[in-house]
Amino acid sequence: MSLPSPNTAPPLQLPAFDRTVLRVIETVVPRPERAEWIRNWQAELWHMHHRRRNQGNIPTIAATTDLSIGLTRDALWLRTDSWRRTYSGSAILCQASLFGISLLSVLMALLLKISWHALAAEYYRSLVAAPLVLFVTFATAPRRHIEPEAAGRMLVRMRRRLFFAGKTEHILFFSFLLSADAFEPLHASLPNVADVMQVFAFVLFALIGMRWAFRDQDERCKHCLHTLATPARVGRPSHNLLEWNGSELTCKHGHGRLSVPEMETSWCQSSHWIDVDTGWDEAAFL
Amino acid sequence: MNTPRLSHSAALILKALSLGYCFGLEIMEVTGLPSGTVYPALRRLERDELVASKWEPEDEALAKQRPARRYYEVTREGKAAALAATQRYPLLAHLVPEKRS
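As a starting point, this report considers the structure included with it. Since we're looking at a predicted model, the values are computed, not measured. (Residues numbered from 1 in each chain as written. Chains lettered and ligands numbered in written order. Predicted model: local features only at pLDDT ≥ 70, side-chain atom pairs only at ≥ 80, totals over all residues. Heavy atoms only, no water.)

### Section: the interface of chain B and chain A
Put simply, the test is: Residue contacts are defined here by distance: any two heavy atoms, one from each residue, within 4.5 Å place the two residues in contact. Put simply, buried area is how much 1.4 Å-probe accessible surface two parts lose in total, over both of them, once they are put together. The working definition used for a salt bridge is a side-chain nitrogen of Lys or Arg within 4 Å of a carboxyl oxygen of Asp or Glu. In protein, a polar contact requires one atom able to donate a hydrogen and another able to accept it; more generally it is a pair of N or O atoms within 3.5 Å, and residues adjacent in sequence count only if both atoms are side-chain atoms. Here a helix means four or more residues in a row that DSSP labels H or I, a strand means two or more in a row labelled E, and each is numbered from the N terminus. Side-chain classes are defined by residue name, with Ala, Val, Leu, Ile, Met, Phe, Trp, Tyr, Cys and Pro counting as nonpolar, Asp, Glu, Lys and Arg as charged, and the others, Gly among them, as polar.
Contact residues are listed per partner, giving 26 residues for chain B and 30 residues for chain A. Per-residue buried area on chain B facing chain A is highest for R43, W55 and P67 of chain B; these three make up 28% of the total on that side. Across the contact surface, chain B and chain A share four salt bridges. R39 of chain A serves as the salt-bridge partner of E58 of chain B, at 3.8 Å between the closest nitrogen and oxygen. At the surface where chain B touches chain A, the tally comes to eight residue pairs in polar contact (both at pLDDT 80 or more). Broken down by secondary-structure element, the contributors of at least two residues to the side of chain B that touches chain A are α2 (24-31), α3 (35-47), β1 (51-55), α4 (58-63) and β2 (70-74) of chain B. Looking at the side of chain B that touches chain A, the element that brings in the most residues is α3 of chain B, giving nine residues. Looking at side-chain class alone, the side of chain B that touches chain A contains ten nonpolar, six polar and ten charged residues.

### Regarding unusual backbone geometry
Formally: Classification of residues uses two cut-offs on accessible area relative to the type maximum, computed with a 1.4 Å probe and protein chains only: under 20% is buried, over 50% is exposed, and between them is partly exposed.
A positive phi angle is found at T230 of chain A, which is not glycine, with a value near 40°. Looking at the element boundaries, T230 of chain A is found in strand β1 (residues 229-234). Classification of T230 of chain A as exposed rests on a relative accessible area of 55%. Despite not being glycine, Q65 of chain B has its phi angle at roughly 55°, a positive value. Within the secondary structure, Q65 of chain B sits in the loop between α4 and β2.

### Quick word on the sheet that holds strand β2 (residues 246-250) of chain A
Residues and elements named next belong to chain A. Note the cut-off: A pair of strands is treated as paired once DSSP finds two or more bridges between them. Here an axis means a line fitted to C-alpha atoms, over the contact stretch when the element is a helix, while the angle between two N-to-C directions is reported on a 0 to 180 degree scale.
Pairing in this open sheet of four strands is antiparallel, and the strands run β1-β2-β3-β4 from one edge to the other. Among the strands making up the open sheet, the edge pair consists of β1 and β4 (272-275). Neighbour-to-neighbour, the strand axes of the sheet open up by a mean angle of 20°, direction not taken into account. Bridge count for β2 against strand β3 (residues 256-261) is five bridges, and the pairing is antiparallel. The residue bridging E248 from the neighbouring strand is S259, located in β3.

In structure tokens, the structure reads:
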């Protein structure tokens, strides 16, 4: 959709109120879409005033205000959609969501008025359980994980590990707090049962969380850490023992693709990350 | 292909577009929906490829001494969605009058 050239358009005589509203709200609109948004709304406002004049109604601020709600919500929609496109599936959104859950569990602990003394005791018990949880999840992680040598320079590998460490830390933290929150009401009447149940709940929450963390880590681009998309089936299941059969996921930024075998074979045990050779892009520009 | 499930207001807007109403103000007038509902809904419908938009040719608008408008039209998928919405909300057919040419 091409934008008409402003040089050839007739002059727009909008009232000062309209111009001010447009100038203020345009700052909300993402920069690449701003010119088109302004042009669109200038036209809509002009037509609204023109139509009212033709119908014998004096254009009022109330009428413009009514349309201003539309232009504000339109601008906000463009902004949130731009955020959605940018952050959807990103590592930042993942960490922010985990941080949000952690914050929520802290707020719940504050609302339940858990005493710091009780929380400290539960914390020490969970400290014992946490390494066990980590050991179990690492030892029983799906074998079809990405090959260790796959993808990446030192910096990229470091980022990937930091991201995973961040997820692990958040998961252990909110698993502990959520388990403490969940059994706090029981603590007053059955303190010993509540303590045991809290540790069990912590182990359960942490195990589920860590399983998810492993799976999430595998299904991200090894370079930009965005969630891989557009899964496609490759190969025929009936040819399982003859040729490669599984699904492929690609990075939406074009860094590479992940081939996940349908079943483990002696010649293809793990998922395989294939970097897209940037040399092809450079060759295209030559 | 699965037709997307539309909200009542999105279905009403799509119905208006399929009856020939083609720009924001006109849709607001004919459906009675507020501007805060119509414009974001048009964006969502366009993102979901149920609606496509194009600018009015500049010389056409210039000849009528007015700024060019952004016109919306229903895509093939949009027509299928409008049909499904009319079956889901039978009263839709009576809410929006046919556009007089």
